[in-house]
Structures are given as C-alpha cells and as structure tokens.
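Architecture and fold: a report
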Amino acid sequence: MIPRPSLLLLTAAASALAVVANGVTAATPEPQAQSAPAASTRLGNEIEQDLSARDAAAARRRRALDLREQAARAAEARLQAQMGAQQQQQPAAAGANPEAPPEGAQFDELARIYQAMKPGKAAVVFEQLELDVQMQIAQRMRERSTAQILAAMTPQGAAALSMALARGRADAGQAMRRPQPQTRPR
C-alpha cells in the first residue's frame, strides 16, 4: 500500500507553488506597461495632444509660407522676363510701331493681378516692391482694393505708401491748378 499524503502537506505544497508563481509574475514586466509611454495620465495625454497639434499647425504654416514664397518668386521671374522682353523690343521698335502698349501698361496689369488676390496675401508681396512701383500700382487699383491691401500691410509699409500716394496726388493737384498759358483768353 502506498502511503497517502496528508491534507496539510498538500495545502502547504499548493501555497508554496502559489508564492513562486506570484514571485515570477511580479518579476516579469507587463507587456502593456512596456508599450505605454511613461506619461499615461490624463494630463500627460493632453500635453502630448497639444504638442502634436502645435507641431501640425506649425508645419501647415511653414508649408503655406513656402507656397507663398514660391508664388512670389514665380511672379517676380515672370515680371522680370516680361520687362526684359519689353526692353529688347523697345530699341528695335523705337517709334516704328504706333500700336505699342503705353508706358504704364505693365502697371495696369499688375494692378489687376493684385486686385484679384486676397488682400492679406497681396500685402505680403506688395510690401516687397519698391515704393515707386507700389505707388504706380496703387494709383491704378480700385480704392477699395487699395484700402484692403493697406489694411493688411505692416503699419510702417502702409504709412510709407500712404505718404507717397498723398504726395503724388498733391503734386498732380498742383499741376492741375497751375494756369496754362495756352488756355488763357487774350
């Protein structure tokens, strides 16, 4: 006959096995804890979301600025090419072509282009132009479009252009007020 183990001995063996199993479980890291970031609190998650939203917004702004810069460069290159072509044509046609476009035609074209643009985007490019070019273009634009672009410009740029426009209109007004010797009755 084989001796039977007592109930007390079986209970002690089961509890010893449970202690060893608990020790092994506690010593091994949980797979979920390894993949989760250290900041698994609600505040940590919100901070991570805010940072990723800021990064995404900054990337969108950077991309928009790059696109605007590329558009400005392309427009400048087109204008340079047009001006170069016109300068080459002018000496060759020096008075030979009575149908040649008037001298301010390129400014009329630019005025139409800037009027078609959104004021905020136009102001960024407009401020990069020389003051006399700004003035020539602004004089050919509708007053509402000019006002919207001036509102979107930096205060210094808007003030400089306003002063130049005021001087230009004052000079034109004085020229109109001067008596012409040919128009006087004798």
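Residues numbered from 1 in each chain as written. Predicted model: local features only at pLDDT ≥ 70, side-chain atom pairs only at ≥ 80, totals over all residues. Heavy atoms only, no water.

1. Quick word on the overall build of the chain
Looking only at helices and strands, the chain has 8 helices and 0 strands in total. Listing each helix as α and each strand as β along the chain from the N terminus yields α-α-α-α-α-α-α-α. Taken over 186 residues, the chain has a buried fraction of 15%. Summarising the internal contacts of the chain: among those between residues at least 6 apart in sequence, 63% fall at separations of at least 24. (Helix = DSSP H or I, 4+ residues; strand = E, 2+ residues; numbered from the N terminus. Buried < 20%, exposed > 50% of the residue type's maximum accessible area, 1.4 Å probe, protein only. Contact = heavy atoms within 4.5 Å.)

2. Considerations on the pattern of salt bridges
Two side chains that carry opposite charge are able to pair once their charged atoms sit near each other. As enumerated under the stated definition, the model contains 3 salt bridges in all. Salt-bridge contacts for Glu69 lead to Arg73; the nearest nitrogen and oxygen are separated by 2.1 Å. One end of the pair, Glu69, and the other, Arg73, are both in helix H3 (residues 42-92), 4 residues apart, so they sit about a helical turn from each other. The class of Glu69 is partly exposed, set by a relative accessible area of 40%. Two residues, Arg140 and Asp108, come together in a salt bridge whose shortest N-O distance is 2.9 Å. In this pair, Arg140 sits in helix H6 (residues 131-140) while Asp108 sits in helix H4 (residues 105-116), placing the two residues 32 residues apart along the sequence. (Salt bridge = Lys/Arg side-chain N within 4 Å of Asp/Glu carboxyl O.)

3. Notes on the nonpolar core
The biggest cluster of nonpolar side chains holds 17 residues, and the ones touching the most others in it are Tyr114, Phe126, Ile137, Met141, Ile149, Met153 and Leu161. For this core, the secondary-structure elements that each account for two or more residues are H4, helix H5 (119-126), H6 and helix H8 (155-177). (Core = buried A, V, L, I, M, F, W, Y, C linked by side-chain atoms within 4.5 Å.)

4. Some remarks on the packing of H4 against H6
Interaxial distance between H4 and H6 falls to 8 Å at its minimum, and their mutual angle equals 70°. The angle between H4 and H6 falls in the class roughly perpendicular. Counted together, Phe107, Asp108, Leu110, Ala111 and Tyr114 of H4 and Val133, Gln136, Ile137 and Arg140 of H6 form the full contact between these two elements. Across the contact of H4 with H6, the residue classes break down as 6 nonpolar, 1 polar and 2 charged. (Axes fitted to C-alpha atoms, helices over the stretch in contact; angles between N-to-C directions. Parallel < 35°, antiparallel > 145°, perpendicular 65-115°, else oblique. Nonpolar A, V, L, I, M, F, W, Y, C, P; charged D, E, K, R; others polar.)

5. What about the confidence of the model for the chain?
Looking at the chain, the pLDDT average stands at 81 and 78% of residues meet or exceed 70. Across the chain, the element-wise mean pLDDT spans from 55 in helix H2 (residues 31-35) up to 92 in helix H7 (residues 143-152). (pLDDT = per-residue confidence, 0-100.)

6. Section: a nonpolar patch on the surface
Judged by side-chain polarity, Leu43, Ile47 and Leu51 come together as a nonpolar surface patch covering roughly 290 Å² of accessible area. With respect to the helices and strands, the residue Leu43 is situated in helix H3. (Patch = residues over 30% accessible without salt bridge, like charges linked within 9 Å, V, L, I, M, F, W, Y side chains within 5 Å. Areas by Shrake-Rupley, 256 points an atom, 1.4 Å probe, with all protein chains shown as cover.)

7. Looking at the packing of H5 against H7
Put simply, H5 and H7 touch, their axes get as near as 8 Å, and they point 70° apart. The angle between H5 and H7 falls in the class roughly perpendicular. Contacts between H5 and H7 involve Pro119, Gly120, Ala122, Ala123 and Phe126 on the former and, on the latter, Gln148, Ile149 and Ala152. Classifying every residue of the contact of H5 with H7 gives 6 nonpolar, 2 polar and no charged.

8. Some remarks on the packing of aromatic side chains
Summed over all chains, the structure comprises 1 aromatic pair. Seen in terms of ring centroids, Tyr114 and Phe126 are 5.1 Å apart; in terms of plane orientation they differ by 80°. Their pairing is edge-to-face. Note that Tyr114 is positioned in helix H4 and Phe126 in helix H5, a separation of 12 residues in sequence. You can call Tyr114 buried: its relative accessible area is 6%. (Phe/Tyr/Trp six-rings, centres within 6.5 Å; stacked < 30°, edge-to-face > 60°.)

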